[in-house]
Amino acid sequence: MPLLRMSGHEFVNRCQQGTVADDLIDSHRRARLGRLKEGEIRSWRNSLPALARVLDDAGLQHVEVLIEYQLALSSLRADVVLAGWHPHTSQPSYVIVELKQWTHARALPDTEDLCLPGAGNNNRAFLHPVAQVRRYCQYLQEFTTVLDAEPDAVAGVAYLHNADVNGVADLLALEPDRYGRLFTRSTRDQLVTYLQSRLSPAHGTAAADDLIHSPLAPSRPLLRATAEEILHADRFVLLDQQQVAVSLVRRAVKKAREADGKEVLIVTGGPGSGKSVIALHLMRHLAHDRHTVVHATGSKSFTRTLHHAVGTDNPRVRKLFGYFMNFADSPKNGLDALICDEAHRIRAHSVRHRGVRQIDELLDAARVPVFLLDDHQVVRPGEMGSREAIDQAAAGRGLRPRHIDLNGQFRNGGSRAYEQWVLRLLQLTDEPATEWADERAFHVRVVDSPQQMEDLLRAKETQHLTARITAGFCWQWSDPHRGHLVDDITIGSWRKPWNLRGESRLDGVPPSWLWATDPDGFGQVGCIYTAQGFEYDWNGVILGDDLVWRQDRWLPNPRANRDPALGGTDPATFLRLVRNTYKVLLTRGMSGTILYSTDPETQARLRQLVPASTAAEPDTLAPAQRPT
């Protein structure tokens, strides 16, 4: 939906009167889209009148002008979409216009689609405006159902209305195509001619209506690409309840479409039970069946890793993997299925609309919303994704969810017995804690120091097993200093940095989303924000002083915790969240876990539950074969 919609004639008049920017500010405020930046207001005041003069000279007073048009399932907005009819085919025609106030810009060396706007030593890189508008065109084409049969309906232009050709000569090297071409102040006449070649003088009201009211869903060509590229040749085989879950969801989607109905499914399971494998299979099969389906999570790192897991470099396929917050303004039942992976991370409230719950937005977005979750992985204030909470929200809509429980099985590694042992250890169940007894395929050890933990895990790495160390958030997390990570975690003489928070590799250190899978991730310690959703063969966990054992129970120690998200929580909430945090950290390993606590009494408790005979170093195990 646009913030403002009007005819070309009205657009020209409002720009001449100087009111269009104020109207946009008004619309932005009514839509509750957050605080406006001065730069955005300035661009409306300067750039929109420049486009209005072009439309006036082109004789396109009757096209529809859609300003700040929000792209489907995204927070992105195109500056302007011009809606009308093609002058030669009389079919709907849309031109996305990206407006820039730049006077100078140069290409960023060694890149194809980045540039440096402004003169002088500016080094802040921006996406090339042609590359930017191309992405908008592709996104609009792929997520707007009415455009399925109109492959030539969308075109894009970038208009640098303050620039001359000489000022942006570098940018002209990017080859133009239908989805993106660049115009400047000195090629304004060519822009007029180009718009006339894409839009007729006829009234564009109906074309704009078709676009705005079209169901927003992945297009059929995109779904075919997804089906072809996700899970080639069924490389992840489903077992027992995993296959049951997939079959039930496929059945529900088919029935809901045929009968114009709705069904909610909740799939619960602990670590390693195959929730994300199920999600990927559903994406593949539903796309193959030509159903509109999108995958969503609440974690950027997890979504980026899923991109890696499906083994595709196709950016079109990656657009089908988004975030819970993308569905705040989705049309009701606009998708056949919405796969909500890691659904325990659903926020209590909408990120965009006051007084609205995020769970309600997700329930409304598809005929068949599917929630895959672990009740014991809610680790942050404001998260509410649990089976009980989703049941209640669905009941409020007269829906009775279907439940699939994966807790009776584990897929290729991991240990059901160990997960139950962890739940008892942390008093997350009514059953008392028991001594751990090693299994043939899973081992637990308590060590005397973090250095001993590191040495044992490094030996696993040399045996071509994946191993990582995680810790409670009991040390500050510093930004890199002079291009190097800071050794924030200090325990005696042992010092290590947290994992890198950034998105790009630094000094050989992988970005956060690759910490669990990149071989260079071993040298840094991961926290809950990095580890949740990931698995590796061997898992080292350092329990900090924020959760300590005293006599017969766990006691919270908020003063020892450095996680800003937990600041200000009451003791009961803090205890619940920090126990869930350690439950997540303790259940990342697929072959074994090594434990150490910085608190002496807690360390003694661990020693009591992991006998010395068990603590002997286990034999080498083969690496677990599993999806990320």
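Residues numbered from 1 in each chain as written. Predicted model: local features only at pLDDT ≥ 70, side-chain atom pairs only at ≥ 80, totals over all residues. Heavy atoms only, no water.

What follows covers the pairing of strand S16 (residues 443-446). Residues His443 and Arg445 line one face of S16 and the alternating positions Val444 and Val446 line the opposite face, and both faces are buried. Where S16 and strand S24 (residues 589-597) come together, four bridges link them in parallel fashion. Residue pairing across strands places Val446 opposite Leu595, the latter belonging to S24. (Buried < 20%, exposed > 50% of the residue type's maximum accessible area, 1.4 Å probe, protein only. Helix = DSSP H or I, 4+ residues; strand = E, 2+ residues; numbered from the N terminus. Pairing = 2+ DSSP bridges.)

On to the packing of aromatic side chains, then. The final tally for this structure, using the stated rule, is 13 aromatic pairs. Among the aromatic residues, those joined into a ring-pair cluster are Tyr418, Trp421, Trp436 and Phe442. The side chain of Lys460 reaches across the aromatic face of Trp538, ending 4.6 Å from its centre. Against the face of Trp477 rests Arg501, its NZ or CZ located 5.0 Å from the ring centre. (Phe/Tyr/Trp six-rings, centres within 6.5 Å; stacked < 30°, edge-to-face > 60°. Lys NZ or Arg CZ within 6 Å of the ring centre and 35° of its normal.)

In this model, the protein chain carries an average pLDDT of 86, and 88% of its residues clear a pLDDT of 70 or more. Here residues 615-628 is a poorly scored stretch, pLDDT under 50, and it has 42 contacts once near neighbours within four places are set aside; other chains count. (pLDDT = per-residue confidence, 0-100. Contact = heavy atoms within 4.5 Å.)

The next subject is the nonpolar core. The biggest cluster of nonpolar side chains holds 73 residues, and the ones touching the most others in it are Ile96, Leu338, Ile339, Val370 and Phe371. In terms of residues, this core owes the most to one element, helix H8 (residues 241-259), which gives seven residues. Mapping this core onto the domain boundaries places at least three of its residues in each of domain 1 (2-213) and domain 2 (222-405). For Phe371, the contacting residues outside a window of four places in its chain are Val264, Leu265, Ile266, Val267, Cys340, Ala343, Ile346, Ile359, Leu362, Leu363 and Ile390. Counting residues in each nonpolar core, the second largest holds 60 residues, with Val378, Tyr418, Leu428 and Val447 among its members. (Core = buried A, V, L, I, M, F, W, Y, C linked by side-chain atoms within 4.5 Å. Domains from an automatic or database assignment.)

In this section: the environment of Asp563. In this structure, Asp563 sits in the loop between strand S23 (553-556) and helix H17 (571-586). Distance from Asp563 to Arg380, taken between C-alpha atoms, is 9.8 Å for residues 183 residues apart in sequence. Apart from the residues within four sequence positions on either side, Asp563 is in contact with Phe473 and Tyr529.

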